[in-house]
Amino acid sequence: MVADERVQKEIVDVYRRGRVEIYDYRRYPGAYSFLELQKWAAGRPEAQVIMVANFHLALQDEESLKRLNFSRDMLESLGKNFIFLVTPYGDDRLAAGAYDFYSFVKLRVIFQKYGCEQENKSPLVQDEPLRESTWNTEDAREGLSVAYDLTEQAKEEYDKARYYESEKLLLKALGIKKALLGPEHLEIAEITCELAVIYCSLGKYRKAEELLEKSLQIRKKILGEEHPDIAAGYSDLAVVYVKEGRYKDAEELYERSLRISEKVLGEEHPNTAISYNNLAGVYESQGKYQKAEELYERSLRIREKVLGEEHPDTAVSYYNLALLYADRGEYKKALGYCFKAFRIYELRFGAGHPHTQDIFSNLQIIYSKWDSEGSFIHWLEEKMKQK
């Protein structure tokens, strides 16, 4: 598969939920080695499919390409279905020097869009020299692997609403990556943005704003203006503005984000759906209900079509529409959407998650306004029995 690193991350996130093992060269840095891959695969005998993500990072020199050519038949002898993911840059290197590799690959899929025109502006990790005065090569690889694990743990803690634990883990990962990659690297921008999201959840809006501006500055310098990461950065910053009550400023950023998403990703991409949803939210906050409804519904249509009806992002659209309809007194409509959101969140995150509890609380309120004489608990039990 040929895709930029952001698309690779999305693909890996999807496959991670299935019966697939992920070998990510960000987690296991270094040049390509069949023996390393064989040893890792041997420890996962149940896996029939192994996805090798960020494979371009393993193609560090001509020797790596030679080893890859030489090991083609050995890879096949492992009896696994390997899926290799590279960027267009890595694909060019393979085409030029790994001819046997392409006779081994059964199907080559190329993912377009996603700002590939900016690819030449985005330095790959191996192109940025590590600070050898402080770290030798082995230490650097180990450091990046540790930082990767810390970041994954931080995401798990955040999903459990354990924000302070998540913050500590991200700060450790940020310290390691800064020492290895320097202060102006895309990895630094990404982890800075994740920290800002935590601070926003904790109500530390000024701190979140500073970090998001810093993250945007790094990304603009490397990626240029018209890139999905820039659109995401504008949206993240707009969220903070909304929390601070700066609705006009937020609206301007959301509109800027939407223009980039529509141009670069197209109108039916999940990230474009996020832009529609966010802009609808700020319209609603300013009393522009008709505009808000149109964009919420557009976002929902994309998510149901692309992500499915059980996805958490689809639940967000259900919930936002529920609140909008409740504000307009359309309680029956609101109740249906709110229940859908509650069911998805309870199944995915559990009844104890703060977001699930918030949805449950509003579900009760909406029900009481729809049927003040009825039994909410009985109604909910009956609804939960339905498929």
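Residues numbered from 1 in each chain as written. Predicted model: local features only at pLDDT ≥ 70, side-chain atom pairs only at ≥ 80, totals over all residues. Heavy atoms only, no water.

### Re unusual backbone geometry
1) Next: Positioned with a positive phi, Asn54 is a non-glycine residue whose angle comes to about 55 degrees.
2) Next: Along the chain, Asn54 falls in the loop between β2 (49–53) and α3 (62–70).
3) Next: Assessed through its relative accessible area of 5%, Asn54 is described here as buried.
4) Next: Its identity is not glycine, yet Ala161 carries a phi of approximately 65 degrees, on the positive side.
5) Next: Mapped onto the elements of the fold, Ala161 is located in the loop between α7 (137–159) and α8 (163–181). (Helix = DSSP H or I, 4+ residues; strand = E, 2+ residues; numbered from the N terminus. Buried < 20%, exposed > 50% of the residue type's maximum accessible area, 1.4 Å probe, protein only.)

### Overview of the pattern of salt bridges
1) Next: As enumerated under the stated definition, the model contains 20 salt bridges in all.
2) Next: Among the salt bridges present, the one from Glu152 reaches Lys155, with a minimum N-O distance of 3.6 Å. Taken together, the positions of Glu152 and Lys155, both in helix α7 and three residues apart, correspond to about one turn of that helix.
3) Next: The closest approach of N and O atoms between Arg328 and Glu330, which form a salt bridge, is 2.9 Å.
4) Next: By sharing partners, the salt bridges in this structure join Arg206, Glu209, Glu210, Glu244, Arg246 and Asp249 into a single network. (Salt bridge = Lys/Arg side-chain N within 4 Å of Asp/Glu carboxyl O.)

### Quick notes on the packing of aromatic side chains
1) Next: Tallied over the entire structure, the rule returns 17 aromatic pairs.
2) Next: Here the aromatic rings of Tyr367 and Trp370 are separated by 5.7 Å at their centres, their planes lie at 65 degrees, and the arrangement is edge-to-face. Linking Tyr367 with Trp370, this pair stays in helix α17 (residues 354–370), spanning three residues, or about one helical turn.
3) Next: The exposure class assigned to Trp370 is partly exposed, which follows from its relative accessible area of 37%.
4) Next: Taken together, the ring pairs in this structure connect Tyr23, Tyr25, Tyr32, Trp40, Phe55, Phe82 and Phe84 into an aromatic cluster.
5) Next: Taking NZ or CZ as reference, Arg256 lies 5.0 Å from the ring centre of Tyr234, over its face.
6) Next: Sitting over the ring of Tyr283, Lys291 keeps its end group 5.1 Å from the ring centre. (Phe/Tyr/Trp six-rings, centres within 6.5 Å; stacked < 30°, edge-to-face > 60°. Lys NZ or Arg CZ within 6 Å of the ring centre and 35° of its normal.)

### A look at the pairing of β2
1) Next: For β2, a buried count of five out of five residues is recorded, marking the element as mostly surrounded by other parts of the structure.
2) Next: Viewed along the sheet, the connection from strand β1 (residues 21–24) through helix α2 (residues 34–42) into β2 turns out right-handed. (Right-handed = clockwise from strand over helix to strand, strands pointing away.)

### Side note on the nonpolar core
1) Next: If you look at the biggest cluster of nonpolar residues, it comprises 78 residues, and the most contacted ones within it are Leu279, Cys338, Ile359, Leu363, Trp379 and Leu380.
2) Next: The element best represented in this core is helix α9 (residues 186–201), accounting for 10 residues.
3) Next: Among all residues touching Leu363, those that are not within four sequence positions of it are Leu335, Cys338, Phe339, Phe342, Phe376, Trp379 and Leu380.
4) Next: The next biggest cluster of nonpolar side chains, apart from the first, holds 19 residues, and it includes Tyr25, Ala41, Leu65 and Val86. (Core = buried A, V, L, I, M, F, W, Y, C linked by side-chain atoms within 4.5 Å. Contact = heavy atoms within 4.5 Å.)

### Concerning the packing of α8 against α9
Helix packing for two helices is described by the angle between their axes and how far apart those axes are.
1) Next: At a minimum axis distance of 10 Å, the contact between α8 and α9 shows a crossing angle of 160 degrees. The angle between α8 and α9 falls in the class roughly antiparallel. The way α8 lies across α9 gives a crossing that is left-handed. Side by side, α8 and α9 meet where Tyr163, Ser166, Glu167, Leu170, Leu171, Ala173, Leu174, Lys177, Lys178 and Leu181 of the first sit next to Glu187, Ile188, Ile191, Thr192, Glu194, Leu195, Ile198, Tyr199 and Ser201 of the second.
2) Next: Of the residues belonging to the contact of α8 with α9, the class tally is 11 nonpolar, three polar and five charged. (Axes fitted to C-alpha atoms, helices over the stretch in contact; angles between N-to-C directions. Parallel < 35°, antiparallel > 145°, perpendicular 65-115°, else oblique. Left-handed = near helix turned anticlockwise from the far one by under 90°. Nonpolar A, V, L, I, M, F, W, Y, C, P; charged D, E, K, R; others polar.)

### Concerning the environment of Ala42
1) Next: Turning to its location among the elements, Ala42 is positioned in helix α2.
2) Next: As a C-alpha pair, Ala42 and Leu78 span 36 residues in sequence and 8.8 Å in three-dimensional space.

### Side note on the confidence of the model for the protein
1) Next: In this model, the protein carries an average pLDDT of 82, and 81% of its residues clear a pLDDT of 70 or more.
2) Next: Contacts from residues 112–135, a stretch scored under 50 in pLDDT, to residues over four places away or in other chains number 57 contacts. (pLDDT = per-residue confidence, 0-100.)

### Focus: the pairing of β1
1) Next: As paired strands, β1 and β2 are joined by four bridges and run parallel to one another. Residue Glu21 lies in a different strand from β2, and its bridge partner there is Ile50. (Pairing = 2+ DSSP bridges.)

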